[in-house]
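Listed here are the chains, written in short residue letters.
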Amino acid sequence: MQALVSTNGATDSLRCYTLDNGLRLVTAPASTGQVAAVNLWYGVGSRHEVPGRTGFAHLFEHLMFQGSGSVAKGEHFEAIERLGGEMNASTSTDRTNYYETVPQHALDLALWLEADRLATLREGMTQEVLDNQRDVVKNERRQRYDNMPYGTALERILRLAYPEGHPYHHPTIGSMEDLDAADLNYVLSFHERHYGPDNLVLTVVSSLDPSDVHERVETYFGSIPRRSEVAAAPDATLDGPIGGPVRETVTEPCPAPRLYLGHRVGPYGSREFDVMHMAMAVLGEGQGSRLYRRLVVERELAMDTGGTDALVLPFRYTPSLALVTMMAREGVSGDQLEAAILEEIAQLAEGVDADELERARAVLERDHLQTLASPSGLADSLGSCAQLFDDPGAALTWPSRWADITPDEVAAAARRLLTDENRLILRFEPEAEDAEQ
Amino acid sequence: MSTRPSRPVLGPPESYTFPTPQRMRVAGGEIIAVDLPGQSYASLRLVHPAGGVSERSDQVGVAKLTSEVLEDGIHGNSSLAPELEKHGAEWTSGVTWDSFVTGVDAPVGRLPDATSLFAEAVRTPALRPEDVQRRQEQLVERFWVDMSVPRTLAGRAVGPQLFTGRYATPLGGGPSGIQALTPEAVSQFHAAAIAGVAGTLIVVGDLSTIDVEAIGKAVFTGTSGSVQPRSVAPEPTPGPLPRVVVLDRPGAVQSALVLATQAPSRRDVDLPRAEGVSSVLGGMFGSRLNMELRERRGYTYGAHCRFDLRRDGGVLMANTEVDTPTTAESISVIFDEIERLRRDGVTEDELVAVRDSNTVGLPVQYSTSWAISSALVEMVVHDLPEDHVDRLRAGFEALTAEDLHTAAQELLRPDEAVVVVAGDAEALTDALTETGVGQVTVRQAETYWE
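Definitions and limits used
For every chain, the first residue of the written sequence is number 1, and numbering continues from 1 onward in sequence order. Here every chain gets a letter starting at A, and every ligand a number starting at 1, in the order they are written. Where totals are concerned, whole chains, interfaces and linings use all residues; where local detail is concerned, this predicted model gives features only for residues with pLDDT of at least 70, and gives and counts side-chain atom pairs only at 80 or more. Labels follow the DSSP assignment, with helices taken as runs of H or I lasting at least four residues and strands as runs of E lasting at least two, numbered in each case from the N terminus. The globule rule used here is 2.2 Å times the number of residues to the 0.38 power, and the radius of gyration it is set against is calculated over C-alpha atoms. Exposure in this text rests on C-beta crowding, where 20 or more other C-beta atoms within 10 Å of a residue's own make it buried, 12 or fewer make it exposed, and counts in between make it partly exposed. The C-beta atoms are placed from the backbone. Remark: residues whose backbone-derived C-beta atoms lie within 7 Å of one another are considered to be in contact. Starting at the helix axis, one direction is taken to each C-beta atom, and the arc is that of these directions. Under the scheme applied here, ten amino acids are nonpolar (Ala, Val, Leu, Ile, Met, Phe, Trp, Tyr, Cys and Pro), four are charged (Asp, Glu, Lys and Arg), and all others, including Gly, are polar. When buried Ala, Val, Leu, Ile, Met, Phe, Trp, Tyr and Cys residues are joined through C-beta atoms within 7 Å, the set is termed a nonpolar core. Two strands are said to pair when DSSP picks up at least two bridges between them. Axes here refer to lines fitted to C-alpha atoms; in helices the fit is confined to the stretch in contact. Angles between the N-to-C directions go from 0 to 180 degrees. For classification purposes, an angle smaller than 35 degrees is called roughly parallel, one larger than 145 roughly antiparallel, one from 65 to 115 roughly perpendicular, and anything else oblique. Should the near helix be turned anticlockwise from the far one by less than a right angle, the crossing is left-handed, and should it be turned clockwise, the crossing is right-handed. Here pLDDT means the predictor's own confidence in every residue, given as a number from 0 to 100.

Side note on the overall build of chain A
Okay, so step 1: Counting secondary structure elements, chain A contains 16 helices and 11 strands.
Okay, so step 2: Computed over the C-alpha atoms, the radius of gyration of chain A is 23 Å, within 12% of the 22 Å expected from 2.2 N^0.38 for a compact globule of 437 residues.
Okay, so step 3: On the principal axes, the C-alpha backbone points of chain A span a range of 60 × 50 × 40 Å.
Okay, so step 4: The burial tally for chain A puts 55% of its 437 residues in the buried class.
Okay, so step 5: Summarising the internal contacts of chain A: among those between residues at least 6 apart in sequence, 81% fall at separations of at least 24.

A look at the overall build of chain B
Okay, so step 1: The number of helices and strands found in chain B is 18 helices and 12 strands.
Okay, so step 2: Its C-alpha radius of gyration of 24 Å places chain B within 12% of the 22 Å reference for a compact globule of 450 residues.
Okay, so step 3: Summarising its shape, the C-alpha atoms of chain B cover approximately 65 × 60 × 45 Å along the three principal directions.
Okay, so step 4: The buried share among the 450 residues of chain B stands at 55%.
Okay, so step 5: Sequence separation of at least 24 residues holds for 81% of the intrachain contacts in chain B that already meet a minimum separation of 6.

Digging into helix H18 (residues 425-434) of chain B
All names here are of chain B.
Okay, so step 1: Every buried residue of H18 is listed here: Ala-425, Leu-428 and Leu-432. One face of H18 carries all of its buried residues, which in axial projection span an arc of 75°. Of the exposed residues in H18, the ones pointing more than 90 degrees away from its buried face are Glu-426, Asp-430 and Glu-434.
Okay, so step 2: Each element contacted by the buried residues of H18 is listed here: strand E7 (243-248), strand E8 (254-263), helix H12 (327-344), strand E11 (418-423) and strand E12 (439-444).
Okay, so step 3: Two residues or fewer after H18 comes Gly-436, characterised by a positive phi angle close to 75°.

So, the interface of chain B and chain A
Okay, so step 1: At the interface, 64 residues of chain B touch 66 residues of chain A.
Okay, so step 2: Top element by residues in the side of chain B that touches chain A is helix H4 (residues 129-147) of chain B. It accounts for 6 residues.
Okay, so step 3: In terms of residue class, the side of chain B that touches chain A is made up of 27 nonpolar, 21 polar and 16 charged.

Some remarks on the nonpolar core
Okay, so step 1: A:Ala279 and B:Val420 are the most contacted members of the largest nonpolar core, which has 268 residues in total.
Okay, so step 2: At 10 residues, helix H3 (residues 107-124) of chain A tops the list of elements feeding residues into this core.
Okay, so step 3: The contacts of A:Ala279, once residues within four sequence positions are left out, are A:Leu348, A:Val410, A:Ala413 and A:Ala414.

Quick word on the sheet that holds strand E7 (residues 246-252) of chain A
All names here are of chain A.
Okay, so step 1: Ordered by their spatial adjacency, 5 strands build an open sheet running E7-E11-E8-E10-E9, and the pairing between neighbours is mixed. Two strands in the sheet have a free side with no partner beyond their single neighbour: E7 and strand E9 (310-313). Between one strand and the next, the sheet's axes are offset by a mean angle of 20°, whatever the strand orientation.
Okay, so step 2: Of the strands in this sheet, strand E8 (258-265), E9 and strand E10 (320-327) are in contact with helix H9 (residues 271-284), which crosses E9 at around 160°.
Okay, so step 3: Running over the sheet, helix H11 (residues 334-350) touches E8, E10 and strand E11 (423-430) and is turned about 35° from E8.

What to know about the packing of H9(A) against helix H15 (residues 407-417) of chain A
Two quantities define a packed helix pair, namely the angle between the axes and the distance from one axis to the other.
All names here are of chain A.
Okay, so step 1: Two elements in contact, H9 and H15, have axes separated by 9 Å at closest approach and are oriented at 95°. If you check the angle between H9 and H15, you find them roughly perpendicular. On H15, the residues touching Glu-272, Val-275, Met-276, Met-278, Ala-279 and Val-282 of H9 are Glu-409, Val-410, Ala-413, Ala-414 and Leu-417.
Okay, so step 2: Classifying every residue of the contact of H9 with H15 gives 9 nonpolar, no polar and 2 charged.

Details of helix H1 (residues 62-69) of chain B
Residues and elements named next belong to chain B.
Okay, so step 1: When you tally the buried positions in H1, you get 8 out of 8 residues, the bulk of the element.
Okay, so step 2: All of the buried residues along H1 are Val-62, Ala-63, Lys-64, Leu-65, Thr-66, Ser-67, Glu-68 and Val-69.
Okay, so step 3: Of the surrounding secondary structure, the elements contacted by the buried residues of H1 are strand E4 (90-95), strand E5 (100-107), H4, helix H7 (175-180) and helix H8 (183-195).

What about the sheet that holds strand E1 (residues 22-26) of chain B?
All names here are of chain B.
Okay, so step 1: Read across the sheet, 6 strands follow the order E1-E2-E6-E3-E5-E4 without closing on themselves; strand pairing throughout is mixed. A strand with exactly one partner marks an edge of an open sheet, and here the two such strands are E1 and E4. Within the sheet, the average angular offset between the axes of one strand and its neighbour, ignoring direction, is 20°.
Okay, so step 2: Relative to E5, E4 runs antiparallel, the two sharing 6 bridges. In the sheet register, Val-95 faces E5, and the bridge partner there is Phe-100.
Okay, so step 3: Along the sheet, helix H3 (residues 111-123) makes contact with strand E3 (41-48) and E5, crossing E5 at roughly 155°.

Quick look at the environment of B:Gln22
Okay, so step 1: Mapped onto the elements of the fold, B:Gln22 is located in strand E1.
Okay, so step 2: Residues B:Gln22 and B:Val232, spaced 210 residues apart in sequence, show a C-alpha to C-alpha distance of 33 Å.

As for the packing of H3(B) against helix H9 (residues 212-220) of chain B
Residue and element names in this part refer to chain B.
Okay, so step 1: Contact pair H3 / H9: the axes reach a minimum separation of 8 Å and the direction vectors enclose 15°. Relative to H9, H3 is oriented roughly parallel. The way H3 lies across H9 gives a crossing that is right-handed. Seen from H3, the contacting residues are Leu-111, Pro-112, Thr-115, Ser-116 and Ala-119; seen from H9, they are Ala-214, Ile-215, Ala-218 and Val-219.

Section: the environment of A:Arg134
All names here are of chain A.
Okay, so step 1: For Arg-134, the position within the fold is in helix H4 (residues 127-146).
Okay, so step 2: For Arg-134, a count of 20 C-beta atoms within 10 Å corresponds to the buried category.
Okay, so step 3: Sequence-wise, Arg-134 and His-62 are 72 residues apart; in three dimensions their C-alpha atoms are separated by 8.8 Å.
Okay, so step 4: Discounting chain neighbours no more than four positions away, the residues touching Arg-134 are Leu-59, Leu-179 and Ala-182.

Observations concerning the environment of B:Ala89
Okay, so step 1: When you line up the elements, B:Ala89 lands in the loop between helix H2 (80-85) and E4.
Okay, so step 2: Excluding residues within four positions of it along the chain, B:Ala89 makes contact with B:Leu84, B:Val104, B:Asp105, B:Ala106, B:Arg110 and B:Ala114.

Section: the pairing of strand E4 (residues 86-91) of chain A
Residues and elements named next belong to chain A.
Okay, so step 1: One ladder, built from 6 bridges, connects E4 with strand E5 (residues 96-103); its direction is antiparallel. For Thr-91, the partnering residue across the bridge sits in E5 and is Thr-96.
Okay, so step 2: Hairpin connection of E4 to E5: 4 residues between the antiparallel strands.

Quick look at the confidence of the model for chain B
Okay, so step 1: Averaged over chain B, the pLDDT score is 94; the fraction of residues at 70 or greater is 100%.
Okay, so step 2: Note on the complex model: pTM 0.94, ipTM 0.93.

Some details on unusual backbone geometry
Okay, so step 1: Here the bond from A:Gly244 into A:Pro245 is cis, since omega is 10°, no more than 30 degrees from zero.
Okay, so step 2: Its location among the elements puts A:Pro245 in the loop between helix H8 (210-221) and E7.
Okay, so step 3: Of note, the bond from B:Leu241 into B:Pro242 is cis; its omega dihedral lies within 30 degrees of zero at -15°.
Okay, so step 4: Along the chain, B:Pro242 falls in the loop between H9 and E7.
Okay, so step 5: Of note in this structure, B:Asn77 is not a glycine but carries a positive phi near 60°.
Okay, so step 6: Looking at the secondary structure, you find B:Asn77 in the loop between H1 and H2.
Okay, so step 7: Positive phi is not limited to glycine here, since B:Asp383 has a value of about 50°.
Okay, so step 8: Note that B:Asp383 resides in the loop between helix H15 (369-381) and helix H16 (388-397).

Looking at the pairing of E8(B)
Remember that side chains alternate between the two faces of the sheet whenever the strand is regular.
Residues and elements named next belong to chain B.
Okay, so step 1: Within E8, 10 of the 10 residues are buried, which leaves the element mostly enclosed by the surrounding structure.
Okay, so step 2: Note that E8 and strand E10 (residues 314-323) share 10 bridges and pair antiparallel. If you follow Ala-263 over to E10, its bridge partner there is Gly-314.
Okay, so step 3: As paired strands, E8 and E11 are joined by 5 bridges and run antiparallel to one another. Across the sheet, Ala-256 pairs through a bridge with Ala-422, a residue of E11.

Encoded structure:
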């Protein structure tokens, strides 16, 4: 079947500029008029955190909305909301991302707000602001992790997958103790170390002429000096398998047993990552996937989540994690479900049909097209590829990476990587009284 | 820094007009199509007026179950999605109180193929008893899984606190109701409301290479006529008001809480006034509840407020998740903020924020195919005129502070509120009683729906 996505000439419409201070600018046309999507990828994430300071990159992301030299606390949100704009931010292991989509006439305001907090955040920072956002983040942690069934899964998975002291050993949310220990001096020094134009990719998707956008970005960001010293990233290289099977079983109030099986695979951007991305799509993405067909429909062992049972957590600077997660149906034990998942994983190593690989490829291409279909999604993908690979065009041509992956290559990678030795198994079990109901 | 540029003064926004849809009748059905050049991922929706309120009282949940079983396709056994996946297409279906919406999203080049698969799945599905039973069991189990999420537990409990009748039961049905449904009930519902009933088709995307008429024929051939939506009269809230209901989650470190009252129906509400009030209270990051509970006190990750407006009734809900020790105080803050808004009205800044965000922000709001198709679905379901979005904008442009003040007094009714708290009852009960909101009742989360 013909590929869904043609990547020929896809990158012709992109323009890239580098300002004297090192800021990299990417522009692209928007497919709907009158909007400007502004997206910033700073090359700092939780991998830069040191023991005792976990959660800091994310806490810092909150502080970026709390006022700077010329902007009062809350004013950034208010100004963008008033324009009917959409905005938010997120922190991952590898980067911190800020974005706003605004009516096009307001592009200058979005740029000015972003430039102001990059240049002068330290002027707006106070102990009061830090204390308030520390409490907010602690409540975010409670809401997403501690007060949510299975909420601590990611935290536990990272602990099992990466050794103590490794930069990916902890989640971006951090621990309550480390959040409590955050102090104002450290906030100020964090900004100085990581927030410079030379650590930033700025993407603007709009209907404006690229040179016009370039000029505006020069106006607002051009005078911001580079960092005086480039912060060193901790060494995250890691060779070999997990050393498993490593296992953790958590008994807590939850509605059903739930399994997470993780495997170290190549870093995001490597051929091995792409091959395992397809392998995980064959195994568990979509309702034509093996786990869905076999364990949800045929054997009725697992809860129906619509075919979102396997994925790869993409890490750029260390092995990524190919992850399978399923929840047991009523009357099905964790042991039964685990055995059934392992059976499917083992079978993947025995071979993959060309047809099911085509389905997997189409599903990944669909996800790609959906992501690029909104101005903000397009801007985010371009920023990602520019920051992580120094190649914004890769955001548009990404499906070509899957084009020549063969069934044999997928099966061989599964044989090599989806092994006991390279596996972590995290299981949640309901407390006994819950299990009886 | 002296060289920093000063805050830019923005020029006037470009005027925005919602795209004019192309309407046509094909094979007895109506198509509403919007061409968005450059949008290569298309969105197709088929709207039937067969939502939760159209269900028979002994078949509550049948609409949701039917919408799930359609995904088993014409061959049964969950066969539709894998076929669509080969085309990079994705099935979507959803039931609201007033509508039954199915659809497919696909790359424009694959839309004809995806539409053929979609149409046969909607019109002539297998509806095999074994598929119905599998989906039914999954729905019941999912109900309980969802209830383990604190905010869902609290949110779902609002219906039976505010209403008797259909609105008292969750949209997808309660566990015992779902369990009692039969394959025959699904077949009957489908035959009466979906199979031969044309519905309204919405197609949005870059249509330059798409034969919209052929798409319409694929969906409408063999169908006829329409069914009138059923009305339900809203009933008064049972029991003394205001009151507090705690759904016990022993040891919970946070409380998920919802303050809710009945609200007028969609057609009885002046949308700019209503949405203006809910925005000021809790619809924006800079709204009063979020600023007070999050940005000043640090009790929560976020606080929100919105209207859920249905054809025959509505609900106003304010919700948040707060640190357990701050629960009672947070509820008092919500009541205080409602009272302050009723008493003093909105500030000039708040008025401008509401007005501008809903006028100059329209290009952002409608920057994807999905957003435009959702707006068209809403227009079909609620019989809104073609220039609905433009009228709405005119309504927001004309808003005054006085409008929002009177709307706050009419629509915010704290004396009629029910507060549902999913949290640690032992830690909360005394403090909740001391707030003086009203009677505090503790219920066990596990038995609430039995």
